[in-house]
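Residues per chain are reported as follows:
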Amino acid sequence: MYCPTLSTRPTSYRQIRGFTFIELMITVAIIGILAGIAYPQYGSYVQKTRRSDGHLALMAEVQAMERCKSTRYSYANCNLSRTTSQENNYALTLVSSASTFTITATGQEDQANDTECQVMTIDQLGARTPDPDTTDCWPG
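Now for a quick tour of the structure. This structure is a prediction, so every number in the text was calculated from the model and none was measured. In this convention, every chain numbers its residues from 1, walking through the sequence in written order. Only residues with pLDDT of at least 70 are given local features in this predicted model, and only at 80 or more are side-chain atom pairs given and counted; all residues enter the totals for whole chains, interfaces and linings. Side-chain metrics in this entry use all non-hydrogen atoms of the structure; hydrogen atoms and water are not considered.

Brief notes about the nonpolar core
As a reminder, the rule being used: In these notes, a set of buried Ala, Val, Leu, Ile, Met, Phe, Trp, Tyr and Cys residues joined through side-chain atoms within 4.5 Å is what counts as a nonpolar core. Think of it in three bands: with a 1.4 Å probe and only protein chains considered, a residue is buried below 20% of the maximum accessible area for its type, exposed above 50%, and partly exposed in between. Each helix is a run of H or I in the DSSP string that is no shorter than four residues. Each strand is a run of E no shorter than two, and both are numbered from the N terminus.
Of all hydrophobic cores here, the largest spans 18 residues; its most connected members are L58, M65, L92, F101, I103 and M120. When residues of this core are traced back to their parent elements, those giving at least two are α2 (21-72), β1 (90-96), β2 (101-107) and β3 (119-123). The element contributing the most residues to this core is α2, with five residues.

So, α2
Side chains three or four residues apart in an α-helix point the same way, a direct result of the helix having 3.6 residues per turn. The condition is simple: Multiplying 1.5 Å by the helix residue count minus one yields the expected span of that helix. Throughout, a contact is declared for two residues whenever any of their heavy atoms are within 4.5 Å.
In this model, α2 (52 residues) spans 76 Å end to end at C-alpha, consistent with the 76 Å of a helix rising 1.5 Å per residue. Regarding α2, the residues found buried are R51, D53, G54, H55, A57, L58, E61, V62, A64, M65 and C68. Buried residues in α2 make contact with β1, β2 and β3. A positive backbone phi angle near 60 degrees is found at Y73, which sits one or two residues after α2.

Things to note about the state of the cysteines
Our working rule: The rule for a disulfide is simple: a pair of cysteine sulfur atoms within 2.5 Å.
Here the structure, examined in full by the defined rule, presents two disulfides. There is a disulfide in this structure between C68 and C78, and the S-S distance comes to 2.0 Å. On the S-S bond that ties C68 to C78, the torsion sits near -95 degrees, and the link is left-handed. Of this pair, C68 sits in helix α2 while C78 sits in the loop between α2 and β1, placing them ten residues apart in sequence.

This is the structure:
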């Protein structure tokens, strides 16, 4: 009489295949190495994305200052429409006189750790700091 369960049963435990502990540890190590490379790149990408929030806020305020000057004929009586960027990554400040202005965006919260572009400025002539030619702070 034929019994399939008895004939297919392994004769020893060595015939049973699965993952060994070493194979599992090698897989975990590879995943750890890949994560160690990918996470800093992700952080850098997020930081650069937050910079665009500062750029947009600065450019919107420059436009508001120009609109104000066109109606009041001076920058002296103009104010910022916002004190922070839309996503609150940058605080905005204004220094103005009758014929000049400088708007400063200062990184706050997580963006305060951006050592390269923590503070960005733009003036009535469109001059930007940090220098767009030597840094990645401003879009090309």
